[in-house]
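One letter stands for each residue in the lines below.
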Amino acid sequence: MSSWPNDPHPIRFRRPAPPHTAPRRAAHRPAATHVTLAGADWLASAGSAPHQVHALWAENPGAPMVLPCGTAFDVVGLPALFGRKVLDRLWASGPGSGPVAVQRGRLLLFAAPGAAQRLPALLTWEEWARAMPPLLCHGTGDAVTVPPLYPPADDEPVPPASRWLVAPEVRHPWLPDAEVLLWACVRVTRETSGSDLRSRTGRSDGDADAPAGRVTGAPARSPR
């Protein structure tokens, strides 16, 4: 059994989380909207030619950039409302988050390399895959469009298609792994399911923590 400290609803992880996923309580949630030089170095390191990425940014720092996943980071996309709740949970009672972007109605959580492959397997393994909104996991072989280095000017007539909610500020940012993201997603799903049940019945129910649609009766398989 592995769970967050003092968590009344433990998740049944079969494997212990790696040491780097230990909770690191944050005093406050960062709200950086522009990428620092160190943060740009980290983003550029995702590609095979970081100097070319920097050259493109130097020419047009207000342009978005397509970068590959799987080396410096993976990316997990969540529907906007669900993603905001997950992000709030990560900062309220978890270890915090890495960089976060908003893009076309979705929240993009930058995660540790390998998280995109492991998270869907964990969701299925823990029988939560059908209980929450679909997640878009981008890992090795995928690419994502990252927002411009700087936010648009206040007088921009059209809002940008993507922007940083938590912009990269350091050369080696801490990134949540699959276990951390699973913990936050499951907590939000349980809270939402419990709230919906109470609103329909007008009372608290002992099964509120088990969301409708959870798969039961099938043997659990270890993710590969």
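The sections below set out a description of the structure shown in this document.

The rules behind these values
- Residues numbered from 1 in each chain as written.
- Predicted model: local features only at pLDDT ≥ 70, side-chain atom pairs only at ≥ 80, totals over all residues.
- Heavy atoms only, no water.
- Buried < 20%, exposed > 50% of the residue type's maximum accessible area, 1.4 Å probe, protein only.
- Helix = DSSP H or I, 4+ residues; strand = E, 2+ residues; numbered from the N terminus.
- Pairing = 2+ DSSP bridges.
- Phe/Tyr/Trp six-rings, centres within 6.5 Å; stacked < 30°, edge-to-face > 60°.
- Axes fitted to C-alpha atoms, helices over the stretch in contact; angles between N-to-C directions.
- Contact = heavy atoms within 4.5 Å.
- Salt bridge = Lys/Arg side-chain N within 4 Å of Asp/Glu carboxyl O.

A word on the pairing of strand E2 (residues 74-79). Summarising burial for E2: 5 of the 6 residues are buried, a large majority. Sheet topology note: the E2/strand E4 (residues 106-111) ladder contains 6 bridges and is antiparallel. Bridged to Gly 77 within E4 is Leu 108. When E2 meets strand E5 (residues 136-138), the two strands line up antiparallel, connected through 3 bridges. Note that in E5 the partner of Val 75 across the bridge is His 138.

With that settled, the discussion passes to the packing of aromatic side chains. For any pair of aromatic rings, the description consists of the separation of the ring centres together with the inter-plane angle of the planes. The final tally for this structure, using the stated rule, is 4 aromatic pairs. With centroids separated by 5.0 Å and ring planes inclined at 65 degrees, the aromatic side chains of Phe 73 and Phe 110 adopt a geometry described as edge-to-face. With a gap of 37 residues between them, Phe 73 in the loop between strand E1 (65-68) and E2 and Phe 110 in strand E4 connect regions that are remote in the sequence. When sorted by exposure, Phe 73 lands in the same class as Phe 110, which is buried. The interplanar angle of 40 degrees and the centroid separation of 5.5 Å between the aromatic rings of Phe 110 and Trp 164 together place this pair among those described as tilted. Here Phe 110 is found in strand E4, whereas its partner Trp 164 is found in strand E7 (residues 162-166), with 54 residues between them in sequence. Trp 164 shares its class with Phe 110; the two are buried. Linked through ring pairs, Trp 42, Phe 73, Phe 110 and Trp 164 together constitute an aromatic cluster.

Further remarks concern the sheet that holds E4. One open sheet accounts for 5 strands, arranged E5-E2-E4-E3-E7; its pairing is antiparallel. Two strands bound the open sheet, and with one partner strand each, they are E5 and E7. Going from strand to strand, the sheet's axes swing by 25 degrees on average, the running direction of each strand aside. One ladder, built from 4 bridges, connects strand E3 (residues 100-103) with E4; its direction is antiparallel. What sits directly across from Val 100, in E4, is Leu 109. Packing of helix H4 (residues 115-125) onto the sheet brings it into contact with E2, E4 and E5, and relative to E5 it is tilted by some 145 degrees.

Once that is clear, we can look at the pairing of E4. Along E4, 5 of the 6 residues are buried, which leaves the element largely enclosed by surrounding structure. In sequence, E3 turns back onto E4 through a hairpin of 2 residues, with Arg 104 there showing a positive phi of about 50 degrees.

All right, on to helix H1 (residues 37-44) then. Of the residues making up H1, those classed as buried are Gly 39, Ala 40, Trp 42, Leu 43 and Ala 44. Along its buried surface, H1 packs onto helix H2 (50-59), E1, E4 and E7.

Under the criterion given, the structure shown has 2 salt bridges. For the salt bridge of Glu 191 with Arg 89, the shortest nitrogen-to-oxygen distance reads 1.7 Å. Of the two residues, Glu 191 sits in helix H5 (residues 178-201) while Arg 89 sits in helix H3 (residues 80-93), which places them 102 residues apart along the sequence. By relative accessible area, Glu 191 is classed as partly exposed at 40%. Across the pair Arg 118 and Glu 179 runs a salt bridge whose closest N-O atoms are separated by 2.9 Å. Placement of the pair is Arg 118 in helix H4 and Glu 179 in helix H5, with a sequence separation of 61 residues. Taking relative accessible area as the criterion, Arg 118 reaches 22% and is therefore assigned partly exposed. Take Glu 179: its relative accessible area is 8%, and that puts it in the buried class.

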